[in-house]
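# Structure at a glance
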Amino acid sequence: MSGRVSRTNNPISRVKCVVNTCQYYESGDHCVANEIEVQPRNASNSEETDCATFTPRGSM
């Protein structure tokens, strides 16, 4: 999914993102990706999860 999601002008409501090195990060800790994907399917705690939408800033 990385790099294949478009940016929007409107942040995803109720999603807080503090990863300022992500292509979809917007100041104020907002995510402006068209959609987000969190993996893997059978995670049992937050340490096992990963934001598959993450794309390093400047890589698109």
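First, a word on what this report is: a plain description of the structure on this page. This is a predicted model, so every value here is computed, not measured. (Residues numbered from 1 in each chain as written. Predicted model: local features only at pLDDT ≥ 70, side-chain atom pairs only at ≥ 80, totals over all residues. Heavy atoms only, no water.)

## Considering the overall build of the chain
In terms of regular secondary structure, the chain is built from zero helices and four strands. Ordered by position from N to C terminus, the α and β elements of the chain give β-β-β-β. Relative to the 2.2 N^0.38 estimate, which gives 10 Å for 60 residues, the radius of gyration of the chain is 11 Å and therefore close to what a compact globule would have. Principal-axis analysis of the C-alpha atoms gives the chain an extent of 35 × 25 × 15 Å. Across the 60 residues in the chain, those meeting the buried criterion constitute 20%. Within the chain, contacts between residues separated by at least 24 positions form 47% of all contacts whose residues are at least 6 apart in sequence. Carbon and sulfur atoms make up 44% of the accessible area of the chain, which amounts to about 4500 Å² in all. Distance between charge centres in the chain, computed from 6 positive and 7 negative side chains, equals 6 Å. (Helix = DSSP H or I, 4+ residues; strand = E, 2+ residues; numbered from the N terminus. Rg over C-alpha atoms; globule rule 2.2 N^0.38 Å. Buried < 20%, exposed > 50% of the residue type's maximum accessible area, 1.4 Å probe, protein only. Contact = heavy atoms within 4.5 Å. Areas by Shrake-Rupley, 256 points an atom, 1.4 Å probe, with all protein chains shown as cover. Lys, Arg positive; Asp, Glu negative; His and termini not counted. Charge placed at Lys NZ, Arg CZ, Asp CG, Glu CD.)

## Details of the pattern of salt bridges
When the charged atoms of two side chains lie near each other, side chains of opposite charge can form a pair. Taken as a whole and assessed by the stated rule, the structure comprises one salt bridge. With a closest N to O distance of 3.1 Å, Glu-26 and Arg-7 form a salt bridge. Remark: Arg-7 occurs in the segment before strand E1 (25–26) and Glu-26 occurs in strand E1; sequence separation between them is 19 residues. (Salt bridge = Lys/Arg side-chain N within 4 Å of Asp/Glu carboxyl O.)

## Here we look at the side chain of Gln-23
With respect to the helices, strands and loops of the structure, Gln-23 is situated in the segment before E1. Assessed through its relative accessible area of 15%, Gln-23 is described here as buried. At 3.1 Å, the side chain of Gln-23 and the backbone nitrogen of Gly-58 are in polar contact. (Polar contact = N/O pair within 3.5 Å; in protein donor to acceptor, adjacent residues only side chain to side chain.)

## So, unusual backbone geometry
The omega torsion of the bond from Gln-39 to Pro-40 falls at -5°, within 30 degrees of zero and hence cis. Even without glycine at this site, Arg-14 takes up a positive phi of about 65°. You can see Arg-14 is positioned in the segment before E1. Phi at Asp-29 takes a positive value of approximately 65°, unusual for a residue other than glycine.

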